[in-house]
Amino acid sequence: MLLHLVAEGAEVDVLGPTPLKRRTLRSLIERQKVRFRPFALDAERAGLAETLDGCDALVHLRYRPPPTEGFWPQLLDGVNNNLLETIRLLDAAAAAGVRQVCLASSVSVYTPPALGIDEDGPVGGPVTPYAIVKLQQEDCVRQWTRQTGRPAAILRLATVYGPGEKVGRAIPNFIRAVLSGGQPVVAGRGSAHFDPIYVTDVVEAFLCALEKRAEGTFNIATGKAWPTRHIARLVLRLCGADGDVALNHAEPDRDRPVCNVARAQSVLGFKAKTSLESGLQAEIDWLRRLEVKPA
């Protein structure tokens, strides 16, 4: 996402420590396309506020997945590694006079994961540690607005995909399997629905929120429900592969929220533009160039 923000003309400071093993980030730093503050997040309040001084907006994208297993250990890691960092950033942003905050949240906060759910839909039911921490981050951002009187936008993102994606989510897993000569594996009957959104559309949503000094909570999605089986078969076709998907009946179908995006359209002027087929083709081409092997 960082690469796309820079490509859209944003002047970006990256606050570290940030792993430089990612080639895209390392290249941006080496070519001086972004300003890298390698020790900013390790600083005390005054030092972090000094780093943020003069910044127009804080765009908070980072979330470090817990290295642990189990509900309570993962929640503890999420609080220590993500929620506390968010609190420190918001405190420093308030002191530095940052004019706006944009937080990357997730549609995972909605429970149950209904079709057509809007921003006022139910949250905080039987959720994951990740969703609990995201909801707490959201509450901290809202409190920042109340305390400072400055706007903050919370963008609840659907499943983001596209070039640069290396995590073990459904779409890159499907692509890696097919490129290695195997079959994409879907849970259950492959009938669970989710709503993937292409990375450049997500960048556009953040830019819209920044340009409009938006305040409030917004679903950032396409608003379309796709069965996992359909997406896996589309990957097969786009890769020019034969065969069909493999069904893993040991894993149940798990729907994800498919959101109402009317508020983002009316307030932000945002609407996802990238078709599923063209977005998948772009990620397939990128993974082909990397000669990705199966995980």
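A. Representation of the nonpolar core within the structure. Formed by 47 residues in total, the largest nonpolar core has its most connected members in Leu155, Leu157, Phe218, Ile220, Leu268, Phe270 and Leu280. Among all residues touching phenylalanine 218, those that are not within four sequence positions of it are Glu119, Ala153, Ile154, Leu155, Arg156, Arg263, Ala264, Val267 and Leu268. Counting 19 residues, the second-largest nonpolar core is a separate cluster that includes Leu52, Ala93, Val101 and Leu103.

B. Representation of the side chain of arginine 156. Structurally, the position occupied by arginine 156 is in strand E6 (residues 152–157). By relative accessible area, which is 3% here, arginine 156 ends up buried. Polar contacts involving the side chain of arginine 156 include one to the main-chain carbonyl oxygen of glutamate 119, which spans 3.3 Å.

C. Broad picture of the sheet that holds E6. Read across the open sheet, the four strands follow the order E3-E4-E6-E11; overall the sheet is parallel. For this open sheet the edge positions go to strand E3 (57–60) and strand E11 (216–220), each flanked by a neighbour on one side alone. Taken over all neighbouring pairs, the strand axes of this sheet differ in orientation by 20° on average, direction set aside. Pairing between E3 and strand E4 (residues 100–106): four bridges, direction parallel. Looking at the pairing, histidine 60 lines up with leucine 103 of E4. Sheet strands touched by helix H5 (residues 129–148): E3, E4, E6 and E11. Its angle to E4, the strand with the most contacts, is close to 160°.

D. Structural detail: helix H8 (residues 228–238). Taken residue by residue, H8 has Thr228, Ile231, Ala232, Leu234, Val235, Leu236 and Leu238 as its buried positions. Of the surrounding secondary structure, the elements contacted by the buried residues of H8 are helix H6 (170–179), strand E8 (185–187), strand E9 (193–194), strand E10 (196–198), strand E12 (226–227) and helix H10 (276–290). Count one or two residues on from H8 and you reach glycine 240, which has phi positive near 70°.

E. Representation of the state of the cysteines in the model. Taken as a whole, this structure holds zero disulfides when the rule is applied. You can see cysteine 55 has no disulfide; the closest cysteine sulfur is in cysteine 102, sitting 13 Å from it. Here cysteine 140 is not cross-linked by a disulfide; its sulfur's nearest cysteine counterpart is in cysteine 102, at 16 Å.

F. Highlighting the packing of helix H3 (residues 45–52) against helix H4 (residues 71–96). Orientation of H3 relative to H4, taken along the N-to-C sense of each, is 60°, at an axis distance of 8 Å. Overall, the two elements H3 and H4 adopt an arrangement that is oblique. When you trace H3 past H4, the crossing you get is right-handed. Touching Arg45, Leu48, Ala49 and Leu52 of H3 are Arg88, Leu89, Asp91, Ala92, Ala93, Ala95 and Ala96, all from H4. When the residues that make up the contact of H3 with H4 are grouped by side-chain class, the tally is eight nonpolar, no polar and three charged.

What counts, and at which threshold
Per-chain numbering applies: the sequence of each chain, read as written, is numbered from 1 onward. For this predicted model, a pLDDT threshold of at least 70 governs which residues receive local features, and a threshold of 80 or more governs which side-chain atom pairs are given and counted, while totals over whole chains, interfaces and linings are taken from all residues. For the side-chain quantities, the full set of heavy atoms in the structure was used; hydrogens and water were omitted. What makes a nonpolar core is a set of buried Ala, Val, Leu, Ile, Met, Phe, Trp, Tyr and Cys residues whose side-chain atoms join them at distances within 4.5 Å. Here the term buried applies to any residue with accessible area under 20% of the maximum for its type, exposed to any over 50%, and partly exposed to those in between, with areas from a 1.4 Å probe on protein chains only. By the convention used here, residues are in contact when the closest approach between their heavy atoms is within 4.5 Å. Helix and strand definitions follow DSSP, with helices as H or I runs of at least four residues and strands as E runs of at least two, each counted in order from the N terminus. Polar contacts, as used here, are pairs of N or O atoms within 3.5 Å; protein pairs need one atom able to donate a hydrogen and one able to accept it. Residues neighboring in sequence count only if both atoms are side-chain atoms. Any two strands with at least two DSSP bridges between them are considered paired. Whenever a helix is involved, its axis is fitted only over the stretch in contact; in every case the axis is a line through C-alpha atoms, and angles between N-to-C directions fall within 0 to 180 degrees. Any cysteine sulfur atom paired with another within 2.5 Å is treated as part of a disulfide. Relative orientations are named as follows: roughly parallel for angles under 35 degrees, roughly antiparallel for angles over 145 degrees, roughly perpendicular for angles from 65 to 115 degrees, and oblique for any other angle. It is the rotation of the near helix from the far one that decides the hand of a crossing: anticlockwise by less than a right angle makes it left-handed, clockwise makes it right-handed. Gly counts as polar in this scheme, as do all residues outside two lists: the nonpolar Ala, Val, Leu, Ile, Met, Phe, Trp, Tyr, Cys and Pro, and the charged Asp, Glu, Lys and Arg.

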